[in-house]
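# Structural overview for review
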Amino acid sequence: MAQAKKKRTEIFALGNEAVVEGALIAGCTFYAGYPITPSSEIMEIMAARLPRTPEGVFLQMEDEIGSLGAAIGASLAGRKVMTATSGPGFSLMQEHIGYACMVESPLVIVNVMRGGPSTGLPTSPSQGDVQQARWGTHGDHPIIVLSASDVQECLEMTVRAFNMAEKYRTPVILLLDEVTAHTREKIFLPEPGEYEILERAVPSVPPEWFKPYEDTARGVPPVAPIGAGYRTHITGLTHDPMGYPTQRPDEINTAMHRMFRKIDQFFDDIQLVDEFLTEDAEIGIVAYGSVARSARLAVTKARERGYKVGLITLKTLFPFPKPSVVALARKAKCILVPEMNMGQMSREVKRVNNGATRVRTINRVDGSIITPSEILKSITQV
Amino acid sequence: MSEVTQLIHQYLRHNKKFPHVLCPGCGHGIAMGSIVRSVHAQGWSKDDVVVVAGIGCSGRIAVYMDFNTVHTTHGRALTFATGIKMAKPEMHVIVIMGDGDALSIGGNHLIHAARKNIGLTAIILNNNIYGMTGGQCSSTTPTGDFSMTTPYGQLEKSFDIVELARAAGANFVARGTAFHAQQLDRIMTTAFGRPGFNLVEVFTPCHTQYGRKNKFKNPVEMYKHISKTTMPLEAWSKLEPEKRAERTPVGVFVERDEPGLEERYMEMKKKLLGSAQ
Ligand SMILES: Cc1ncc(C[n+]2csc(CCOP(=O)(O)OP(=O)(O)O)c2C)c(N)n1
Ligand code: SF4
């Protein structure tokens, strides 16, 4: 989506700072949150910057349940909204993630993962919330989960998160880990207009014709913001096309299937990966977040030693980028999945691999990062 | 057309599937009527009114009214409302909650919304019980009373909503009842026209869940009980202290005029943006 321009502004930034830059570029005008390490910089910078923008609103709420509640309220009122948190706060947000899915409220949630469970390791990295991001809230629901492996990508993926939230009218979760969030490095700020910025569709019909949850070809109904004259009803109860509660199986079925279809039929657009030397790979690595960075270095070193290794960096975690991973599994003799958890993404890899090739995991849950040499060692042992 | 019919046509949704969910004799419908009449008295455009509701029988009334309506999650309505008001300060925000909703699961949000003094009117429909889930005790079930989860009598004390809201910093705090509908209209109309956080507690009888477990023969008895046990605040204040416990005062308890959070926020923005230029 970024078209390279000649002169770009360089800044030296933390991953968390880059998230804020990305959010502001994407048009975020509302932030509500509750402080928690290692995500707090996002909130603090938003507190300083949003009030200085013409429309910007910043709110510190009493907890993460309230933060997401306020964010959804603002989203319903037409704002582009964001909140950021870490493990314990992410657990509290689950109730309202489900609500946002149900009412189809566009918003972005950043979860800077730290070691868990519970209060766990406040300042150490982890990737332990991957499956929670997918399945944390109750009930069947589709969701988009993105990730970033370096500071530049924090900015880019935040913009993409907002764009997907708007385009598909859904909450989008951006999963970072403490390493990426707290790495400070040089990044380029995009020129104005460099990124395409998407806005949610609004009704093109007068209020008396508008059905807020009507099935459309795209499966994404336009959103009438509160106060725009449409006077819609919004509810977390399963609803009919008018938005009113329903118990009728036919209406429930249609609503549920549309909710899934609106994401499913655009997999191509949503499933983002970076492929690095995968064309001739005999050993494939699938990684994400800061671990993908270690993996990239390991691949370069292994190539120097003559190993045919390739890497897929998952920028989209869910919906799981099955086509790319299956293609890699078809040509590689073995797939390595390094991650800072007990094997949450490797489950997905094994699922789509369906026994085709060997899948080996490298897992760490001790609050330490996975180093390039650890991955290199595994490559040489395959 | 009688005034009632006219208001029904003007403010209730024509395309909503009736019948409604409330039991015969439920006080929640009376409170809803009062909300409609008070919005009408304010002369607000329906487009500019947003009703945010929690979960419970109380929260269900939002769907019938032809405003912008948001039926949220149990106890969290005020957080959504806070976001809406900050995002669109020109909207008139009315929040409807049950007693379990506002004080048990949502107690933290309630005190913080009051402390923030966010500009909206919070209406708590207090029936001393969890109506929707089948009559379990709430944090306003009086000591000694019976419910599905206090079959041997409630041991805990109940919250005094008025005192709680006053202490938390609400701008305006009032108590009315579903029996005194005209007084309730006056209270709500006043609350709607004011800045900052306004709280209105409404006693509404739930015979289905509370009444039948606490020896009320029918809903009418419950309304009679409200009439007998309440008293205007002015008269109550003149009672001997030992007589006060027998009656619950109704009326307006707190009237402060501090600007709402959204107004203070706009002031701050003006200063910041002014200095930046
Ligand atoms: C998180 C959560 N917990 C529990 C419930 C179940 N629940 C629905 S309504 C309700 C209580 C309603 O009582 P109240 O707020 O007093 O309202 P009323 O029905 O009496 O008007 C409960 C416990 C829920 N919906 N969500
Ligand atoms: S259960 Fe109680 S609160 Fe609910 S509708 Fe019936 S009378 Fe009203």
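How each quantity is defined
Residues numbered from 1 in each chain as written. Chains lettered and ligands numbered in written order. Predicted model: local features only at pLDDT ≥ 70, side-chain atom pairs only at ≥ 80, totals over all residues. Helix = DSSP H or I, 4+ residues; strand = E, 2+ residues; numbered from the N terminus. Rg over C-alpha atoms; globule rule 2.2 N^0.38 Å. Buried ≥ 20, exposed ≤ 12 C-beta atoms within 10 Å, placed from the backbone. Contact = placed C-beta atoms within 7 Å. Near = placed C-beta within 6 Å. Nonpolar A, V, L, I, M, F, W, Y, C, P; charged D, E, K, R; others polar. Pairing = 2+ DSSP bridges. Domains from an automatic or database assignment. Axes fitted to C-alpha atoms, helices over the stretch in contact; angles between N-to-C directions. Core = buried A, V, L, I, M, F, W, Y, C linked by C-beta atoms within 7 Å. pLDDT = per-residue confidence, 0-100.

## Section: the overall build of chain A
- The helix and strand inventory of chain A stands at 13 helices and 16 strands.
- Computed over C-alpha atoms, the radius of gyration of chain A comes to 21 Å, within 12% of the 21 Å expected from 2.2 N^0.38 for 382 residues, which places it in the range of a compact globule.
- The C-alpha extent of chain A, read off along each of the three principal axes, is 70 × 50 × 45 Å.
- Out of the 382 residues belonging to chain A, those deemed buried represent 55%.

## What about the overall build of chain B?
- Across its full length, chain B holds 11 helices and 10 strands.
- Against the compact-globule benchmark of 19 Å for 277 residues, chain B has a radius of gyration of 19 Å, which places it among compact chains.
- Viewed in the frame of its principal axes, chain B has a C-alpha envelope of about 70 × 45 × 35 Å.
- Buried positions account for 51% of the 277 residues belonging to chain B.
- When contacts within chain B are restricted to residue pairs at least 6 apart in sequence, long-range pairs at least 24 apart make up 67% of them.

## Focus on the site of ligand 1
Residues and elements named next belong to chain B.
- In the vicinity of ligand 1, 18 residues are found, and the nearest of them are G56, G98, G100, D101 and G131.
- Contributions of two or more residues to the shell around ligand 1 are made by α4 (99-105) and β5 (129-130).
- Residues of the shell around ligand 1, tallied by class, amount to seven nonpolar, nine polar and two charged.

## Describing the site of ligand 2
- With respect to spatial proximity, the complete set of residues near ligand 2 consists of B:L22, B:C23, B:C26, B:H28, B:C57, B:N127, B:G131, B:M132, B:C206, B:H207, B:T208 and B:Q209.
- In the shell around ligand 2, the residues fall into six nonpolar, six polar and no charged.

## Here we look at the interface of chain B and chain A
- Taken together, the contacts link 36 residues of chain B with 37 residues of chain A.
- For the side of chain B that touches chain A, the leading source of residues is helix α3 (residues 77-87) of chain B, giving eight residues.
- Its residues assigned to classes, the side of chain B that touches chain A shows 15 nonpolar, 12 polar and nine charged.
- In the sheet, strand β10 (residues 233-235) of chain A pairs with strand β2 (residues 68-71) of chain B via three bridges, with the strands oriented parallel.

## A short note on the domain arrangement of chain A
All names here are of chain A.
- Looking at chain A, the domain boundaries give domain 1 (9-189) and domain 2 (272-381).
- For domain 1 versus domain 2, the separation of C-alpha centres amounts to 26 Å.
- Listed per partner, the contact involves 23 residues of domain 1 and 18 residues of domain 2.
- The set of elements that each furnish at least two residues to the side of domain 1 that touches domain 2 consists of β6 (121-125), α5 (130-135), β7 (144-147), β8 (171-177) and α7 (178-182).
- Per-element accounting of the side of domain 1 that touches domain 2 gives the leading share, four residues, to β7.
- In terms of residue class, the side of domain 1 that touches domain 2 is made up of 11 nonpolar, nine polar and three charged.

## Thoughts on the sheet that holds strand β10 (residues 248-255) of chain B
- Taken in spatial order, the nine strands of this open sheet run β10(A)-β2(B)-β1(B)-β3(B)-β4(B)-β8(B)-β7(B)-β10(B)-β9(B), and their pairing is mixed. In this open sheet, the two edge strands, each paired with only one partner strand, are β10 of chain A together with β9 (230-232) of chain B. If you compare each strand with its neighbour and ignore which way they point, the axes differ by 20° on average.
- Where strand β3 (residues 92-98) of chain B lies against strand β4 (residues 120-126) of chain B, five bridges are found, and the strand directions are parallel. Looking at β4(B), one finds that B:M97 is bridged to B:I124.

## A short note on the nonpolar core
- B:V52, B:I84 and B:V95 are the most contacted members of the largest nonpolar core, which has 179 residues in total.
- Counting residues per element, this core draws most heavily on helix α6 (residues 151-168) of chain A, at 10 residues.
- Counting contributing residues, this core receives three or more from each of domain 1 (9-189) and domain 2 (272-381) of chain A.
- If near-sequence neighbours (up to four positions away) are discounted, B:I84 is found in contact with A:G73, A:A74, A:L76, A:A77, A:I226, B:V50, B:V52, B:M91 and B:V93.
- With seven residues, the next largest nonpolar core counts B:C57, B:Y130, B:C137 and B:Y210 among its residues.

## Things to note about the sheet that holds strand β13 (residues 309-314) of chain A
All names here are of chain A.
- With respect to topology, five strands assemble into an open sheet ordered β11-β13-β12-β15-β16, the strand pairing being mixed. This sheet does not close on itself; its edge strands, each paired only once, are β11 (273-276) and β16 (358-363). For this sheet the average axis-to-axis angle between neighbouring strands, irrespective of direction, equals 20°.
- Note: strand β12 (residues 283-287) against β13, five bridges, orientation parallel. Across the sheet, residue A287 finds its bridge partner in β13, namely T313.
- Helix-sheet contacts for helix α12 (residues 344-353) involve β12, β15 (334-339) and β16, and the interaxial angle to β15 is about 160°.

## Details of unusual backbone geometry
- In this chain, A:T37 is followed by A:P38 through a cis amide linkage whose omega measures 0°.
- Tracing the backbone shows A:P38 in the loop between β2 (30-33) and α2 (40-49).
- A cis amide bond links A:F318 with the next residue in sequence, A:P319, at an omega value of -5°.
- With respect to the element layout, A:P319 can be found in the loop between β14 (316-318) and α11 (322-331).
- A positive phi angle is found at A:S118, which is not glycine, with a value near 55°.
- Counting through the fold element by element, A:S118 comes out in the loop between β5 (107-115) and β6.
- Unusually for a residue other than glycine, B:K215 sits at a positive phi of about 60°.

## Here we look at the confidence of the model for chain B
- For chain B, the average pLDDT comes to 96, and 99% of its residues sit at 70 or higher.
- With a pTM of 0.97, the predicted complex shows an ipTM of 0.97.

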